[in-house]
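# Architecture at a glance
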Amino acid sequence: TAFRRIIRNKSTEQFSGLPYICALLTCLLCAWYGIHTFNSAGAVCQLTYITLFIVYTERAQKLRMFGLLVAVFGLFAIIIVGSLQITKFPTRHIFVEIISGASLVSMSASPLFIISLVIQTRSVEFMPLYLSLSIFSVNKVFFLYGILRSDPFIYICMKSVERRLVDEAVETG
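In short, a report on the structure. Small disclaimer: the values here were computed from a predicted structure and weren't measured.

### Here's the deal with unusual backbone geometry
One non-glycine residue, Lys10, lies in positive phi territory at about 55°. Looking at the secondary structure, you find Lys10 in the loop between helix 1 (2-9) and helix 2 (18-33).

### Structural notes on helix 4 (residues 59-84)
Here helix 4 spans 37 Å end to end across 26 residues, near enough to the 38 Å set by a 1.5 Å rise per residue. Those residues of helix 4 not exposed but buried are Gln61, Met65, Leu69, Val72, Phe76, Ile79 and Ser83.

### A closer look at the environment of Thr26
In this fold, Thr26 is placed in helix 2. Note: C-alpha distance between Thr26 and Phe76 (50 residues apart in sequence) is 9.7 Å. There is a polar contact of 3.0 Å between the side chain of Thr26 and the backbone oxygen of Cys22.

### Re the environment of Val44
If you trace the backbone, Val44 turns up in helix 3 (residues 36-56). Placed 17 residues apart in sequence, Val44 and Cys27 show a C-alpha to C-alpha distance of 9.1 Å.

### Quick notes on the environment of Cys30
Here Cys30 shows up in helix 2. The exposure class of Cys30 is buried, given its relative accessible area of 1%. Remark: the alpha-carbon pair of Cys30 and Ser40, spanning 10 residues in sequence, is separated by 8.9 Å.

The rules behind these values
Residues numbered from 1 in each chain as written. Predicted model: local features only at pLDDT ≥ 70, side-chain atom pairs only at ≥ 80, totals over all residues. Heavy atoms only, no water. Helix = DSSP H or I, 4+ residues; strand = E, 2+ residues; numbered from the N terminus. Expected span 1.5 Å × (residues − 1). Buried < 20%, exposed > 50% of the residue type's maximum accessible area, 1.4 Å probe, protein only. Polar contact = N/O pair within 3.5 Å; in protein donor to acceptor, adjacent residues only side chain to side chain.

The analysis is restricted to geometry; functional conclusions fall outside its scope.
Rendered as structure tokens:
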């Protein structure tokens, strides 16, 4: 996979760390929303990937990734503090649902940030296949979770993301 290659070559080459940053934010927000076990493990995995990415990338990219990591934790802290200021639980729950839904969309779309490099080089060498497949699988799990829990913020969001990702894949492939 991409990280075996990064560790072996001791370089991130042209891989992007942005999908892992987006996934970390999503895991943190969904854990705050109430889906703890799955997203806590996901956050640990994403932090591991981001740490490896920071270790093996060039200095300018290290600073950028570290800045994005600090921004993710800062944004997460602001969302926690802001949501705790909402005294009515149903209103707080809707607020966190909307933020979590938006983060799920950003995580799902994050592998598409590399699409310009794929088009430019006419190669999928730096497209993280396993990340894309795992995000697609996570979308299916969240969709089913939303259906089973009757949570429209999750299942409507995931169905629209899945449809958009499939459309993008058909257009580029």
